[in-house]
Amino acid sequence: MVFPTAAALNLLAVCLLVFSSAASVSAYHPFVQCLRQELSSSTDISKILYIPNAANYTTILEARIENPRFNTSTTPKPVYIIAPTNESQVPATVICAKNHGLQIRTRSGGHDYEGLSYVAREPFVVVDLINLRSVTVNTGDYTAWVQTGAVLGEVYYAISQTTRIHGFPAGFCPTVGSGGLISGGGIGTMMRKYGTSADNVIDARLVDSGGRILDRQSMGEDLFWAIRGGGGASFGVVLAWKLKLVDVPPVVTVFNISRTLEQGATQTVKKWQLVGDKCNKNLFIRVRLQAVDVEGKRTVLAVFDSIFLGTAQDLLTEIKQCFPELGLKAKDCIELSWVESIMFVAGYPSGSPREVLLNRIPPMGNFAFKGKTDFVTEPISETGLEGIWNILLENVTAFLQWDTMGGRMSEIPESATPFPHRKGNLYNILYYADLQNEAAKGLDWIRRLYKYMTPYVSKSPRGAYINYRDLDLGVNGKKPSYIESSAWGFKYFKGNFRRLALVKGRVDKDNFFRNEQSIPPLQTLIATG
């Protein structure tokens with residue numbers, strides 16, 4: 001008679017639990033028993049542990065799924081959700097998951113474009129950091145410790161409550177989790193002045209695969225480098241970041257100008273490509289493109305959103321010098337505080353109180369979508385732009401977002417952090433297709449547009465931004481190899497991918513922290529042999 005191994009029994013127990021109708025925690029499952037042993041006696045495990053079919057399981061799972069595309073009846077669900085109330089509970093979760101054959105998915109905001117923070121192909125546990133969301137601003141040196149579960153809106157709000165002349169360069173959407181954004185780099189409205197979010201991190205706390213809580217000193221500079229742009233989920237569970245706040249003026253100016261094709265949008269966008277990355281570092285101009293109906297006619301609308309770190313008068317002077325074709329007038333300019341400018345770009349109505357930043361629900365709601373990304377190094381020709389307009393004019397719900405780069409982004413070396421998309425990039429493109437109604441049509445549309453863009457974007461490799469994760473670029477197999485993962489790895493990280501894999505090989509050689517696009521472990525002997 002052949003007896004099953006201990007690992008097989010553990011896996012069987014996991015699978016049985018997934019399909020069990022029991023609404024209470026199984027006292028017999030080895031993972032739960034392990035947690036009880038590892039956690040302090042004062043911890044009430046029922047306050048942090050959620051299991052399938054319990055009344056509160058679906059509530060906490062779905063509350064943090066920002067893309068309903070990954071919330072269907074066939075979507076794999078976690079065996080457990082752990083929502084720790086203090087950092088000391090995370091090491092126990094890692095140790096017990098590792099010992100009992102469960103994978104870890106770490107969720108901070110739930111905005112993962114491919115759902116990898118709460119979906120897996122094998123039995124898994126979600127560590128939901130919603131309760132670890134404190135933001136502590138130190139006015140002595142203008143730094144802030146931010147727990148990973150805090151969304152950007154909470155970070156922005158906490159800073160604004162302490163100072164009017166400091167901010168932090170991060171993303172556009174206030175409901176994005178700070179942990180995931182920073183670990184992928186973090187581009188935003190102040191990147192031309194201060195670089196990415198990761199460029200402004202000076203310390204971190206992380207739980208490694210051995211269950212140790214490490215800071216910058218104890219983890220070492222290689223691992224600290226890797227988690228600031230290489231995707232923290234490949235290396236551990238990031239608990240908190242120490243941020244260096246940056247100077248912002250008391251007055252920040254914003255504007256929003258729209259042009260249809262009939263109003264000369266093509267020529268204005270063409271000119272923006274030539275000058276956007278060369279304007280003053282204090283000026284960020286984003287272009288949003290989508291098809292709209294105007295007076296019964298289908299056309300493309302180009303919306304130019306901007307944040308300028310300065311007064312309206314200074315902005316008008318700058319625009320007159322670098323981009324007069326935009327036709328900016330004094331009446332178009334709105335002077336705000338820095339935090340109010342964040343709210344403007346996020347789309348909150350004028351006059352909204354700052355407290356809206358504490359709302360973790362996106363202002364436009366949640367929609368099933370597919371995203372892809374590119375980096376542009378040479379201006380797209382007028383013919384190329386017209387081809388984009390033709391595809392946009394098809395009957396789909398979609399938009400493009402083009403974020404100007406240059407400035408400080410061109411000065412920081414590619415190797416400074418794993419985020420390599422620096423010098424030579426004019427702007428970044430986000431492609432977004434709404435899949436709410438006709439998913440197959442939307443997927444076909446965005447993939448055709450992406451293929452069409454091939455001659456007009458970066459090459460060798462064609463760049464991509466990991467925070468706009470795209471599994472179309474490739475996925476790891478069951479036993480990922482460095483060569484196999486290079487198909488997508490060099491697109492995200494360029495020459496930094498090899499260094500990331502070497503760091504992974506040293507700190508997590510058994511590849512415990514893994515997903516479809518996690519960094520594969522590469523041993524030094526293999527790399528040099």
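Note that the structure is predicted; figures quoted are calculated from it, not measured.

Participant: Is there a simple way to think about the state of the cysteines in this case?
Facilitator: Here, disulfide denotes a covalent bond that connects the sulfur atoms of two cysteines. For the structure shown, the criterion picks out 2 disulfides. In this model C34 forms its disulfide with C96; the gap between the sulfur atoms is 2.1 Å. Taking the sign of the torsion about the S-S bond as the criterion, the disulfide between C34 and C96, at about -80°, is left-handed. Of the two residues, C34 sits in helix 2 (residues 30-38) while C96 sits in helix 4 (residues 89-99), which places them 62 residues apart along the sequence. The class for C96 is buried, based on a relative accessible area of 0%. At a sulfur-sulfur separation of 2.3 Å, the disulfide partner of C279 is C322. With the S-S bond torsion at 100°, the cross-link from C279 to C322 turns out right-handed. On the criterion of sequence distance, the pair formed by C279 in the loop between helix 10 (265-275) and strand 13 (283-294) and C322 in helix 11 (residues 312-322) is long-range, its members being 43 residues apart. You'll find C279 and C322 in the same group, each marked buried.

Participant: I would appreciate a short explanation of unusual backbone geometry in the present structure.
Facilitator: Trans peptide bonds make up most of the peptide bonds, and negative phi angles are found at most residues other than glycine. The peptide bond linking S460 to P461 adopts the cis configuration, its omega dihedral lying at 0°. By secondary structure assignment, the location of P461 is in the loop between helix 14 (439-452) and helix 15 (482-493). Phi at Y142 is positive, roughly 50°, even though this residue is not glycine. Here Y142 is to be found in the loop between strand 5 (135-138) and strand 6 (143-147). For Y142, a relative accessible area of 26% corresponds to the partly exposed category.

Participant: Explain the sheet that holds strand 3 (residues 103-107) to me, please; I cannot follow it from the model alone.
Facilitator: Strands pair in a sheet through their backbones, by hydrogen bonds, and they do so in one of two ways: parallel or antiparallel. Ordered in space as 1-2-4-3, the 4 strands form an open sheet in which the pairing is mixed. The outermost strands of the open sheet, each flanked by one partner alone, are strand 1 (49-50) and strand 3. Strand direction decides the pairing type here: strand 3 and strand 4 (residues 124-128), joined by 5 bridges, are parallel. The residue of strand 4 that forms the bridge with R105 is V126. Here helix 2 sits on the sheet and contacts strand 1, strand 2 (80-82) and strand 4; the angle it forms with strand 2, its principal contact strand, is near 20°. Of the strands in this sheet, strand 2, strand 3 and strand 4 are in contact with helix 4, which crosses strand 3 at around 150°.

Participant: What should I look at first to understand the packing of aromatic side chains in this one?
Facilitator: Within the structure shown, the criterion is met by 23 aromatic pairs. Centre to centre, the rings of Y113 and F369 are 5.0 Å apart; their planes meet at 80°, and the pair counts as edge-to-face. Of this pair, Y113 sits in the loop between strand 3 and strand 4 while F369 sits in strand 16 (residues 369-376), and the two are 256 residues apart along the sequence. You can call F369 buried: its relative accessible area is 7%. Judged by centre distance (4.9 Å) and plane angle (70°), the rings of F512 and F513 are edge-to-face.

Participant: So what exactly am I meant to see when it comes to the nonpolar core here?
Facilitator: Nonpolar side chains tend toward joint burial in soluble globular proteins. Of all hydrophobic cores here, the largest spans 122 residues; its most connected members are L289, F304 and W402. Apart from the residues within four sequence positions on either side, W402 is in contact with V269, W272, I285, R286, V287, L289, I380, L385, I388, Y427, N428 and I429. Within the second largest apolar cluster, 42 residues are counted, among which are F31, L35, V79 and F124.

Participant: Is there a simple way to explain empty space enclosed by the protein in this structure?
Facilitator: The gaps left among the atoms become clear once a water-sized probe is rolled over them. Counted by the stated rule, this structure contains 3 cavities of 30 Å³ or more. Considered as a void within the structure, the largest cavity measures approximately 60 Å³ in volume. Along the walls of the largest cavity sit S160, T163, R164, H166, S337, W338, V339 and R354, which together make up its complete lining. Grouping the constituent residues of the lining of the largest cavity by class yields 2 nonpolar, 4 polar and 2 charged. By volume, the second largest cavity amounts to about 40 Å³. Contributing to the lining of the second largest cavity are T189, M190, R192, K281, N282, L283, F284, I307 and L309. Grouping the constituent residues of the lining of the second largest cavity by class yields 5 nonpolar, 2 polar and 2 charged.

Participant: Just to check I follow, could you spell out the environment of G167 for this structure?
Facilitator: By the element assignment, G167 lies in strand 7 (residues 166-167). A relative accessible area of 0% means that G167 is categorised as buried. Residues G167 and F399 lie 232 residues apart in sequence; the distance between their C-alpha atoms is 29 Å. Ignoring anything within four residues of it in the chain, the contact list for G167 reads I159, M190, L245, V246, V248 and W338.

Participant: What exactly am I supposed to notice about helix 11 here?
Facilitator: An α-helix turns once every 3.6 residues. As a result, residues three or four positions apart point the same way. Along helix 11, the residues that are buried comprise A312, L315, L316, E318, I319 and C322. The arc that holds the buried residues of helix 11, viewed along the axis, is 165°, so those residues lie on one side. In helix 11, those exposed residues whose orientation departs by more than 90 degrees from the buried face are Q313, K320 and Q321. Of the surrounding secondary structure, the elements contacted by the buried residues of helix 11 are strand 12 (252-260), helix 10, strand 13, strand 14 (297-308) and strand 15 (334-336).

Participant: Which parts of the structure should I look at to understand the sheet that holds strand 6?
Facilitator: Ordered in space as 5-6-10-8-9, the 5 strands form an open sheet in which the pairing is antiparallel. Each end of this open sheet is capped by a strand with a single partner; those strands are strand 5 and strand 9 (213-214). As defined by bridge partners, strand 5 adjoins strand 6 across 4 bridges and the pair is classed as antiparallel. Residue T136 lies in a different strand from strand 6, and its bridge partner there is W145. Strands strand 5, strand 6 and strand 10 (237-244) of the sheet are contacted by helix 5 (residues 152-162), whose axis makes an angle of about 35° with strand 5.

Rules used throughout
Each chain has its residues counted from 1, running along the sequence as written. pLDDT decides what is reported in this predicted model: residues at 70 or higher carry local features, side-chain atom pairs at 80 or more are listed and counted, and totals for whole chains, interfaces and linings draw on all residues regardless. Water and hydrogen atoms play no part in the side-chain values, which are based on all heavy atoms of the structure. When two cysteine sulfur atoms lie within 2.5 Å, the pair is treated as a disulfide. Strands here mean DSSP runs of E at least two residues long; helices mean DSSP runs of H or I at least four residues long; both are numbered from the N terminus. Each residue gets one of three labels from its accessible area relative to the maximum for its type: buried under 20%, exposed over 50%, partly exposed in between, using a 1.4 Å probe on protein chains only. Two strands pair if DSSP finds at least two bridges between them. By definition in these notes, contact holds between two residues if any of their heavy atoms fall within 4.5 Å. What counts as an axis is a line fitted to C-alpha atoms, over the stretch in contact for a helix, and the angles between N-to-C directions run from 0 to 180 degrees. By convention, a stacked pair of Phe, Tyr or Trp rings (six-membered ring in the case of Trp) has centres within 6.5 Å and planes under 30 degrees apart, an edge-to-face pair has planes over 60 apart, and any other such pair is tilted. Among the buried residues, those of types Ala, Val, Leu, Ile, Met, Phe, Trp, Tyr and Cys that are joined through side-chain atoms within 4.5 Å form a nonpolar core. Only protein atoms enter the 1 Å grid, on which a cavity is a set of points fitting a 1.4 Å probe that cannot get out and a pocket is an open set with protein on both sides within 12 Å along at least 5 of 7 lines, lining residues being those with an atom within 4 Å of a point. Grid points are joined across faces, edges and corners, and a volume is the space filled by probe spheres set on the points. All amino acids are sorted into three groups, where Ala, Val, Leu, Ile, Met, Phe, Trp, Tyr, Cys and Pro are nonpolar, Asp, Glu, Lys and Arg are charged, and the leftover types, Gly among them, are polar. In this context, the arc is that of the directions from the helix axis out to the C-beta atoms.

All quantities given are derived from atomic positions and should not be read as evidence of function.
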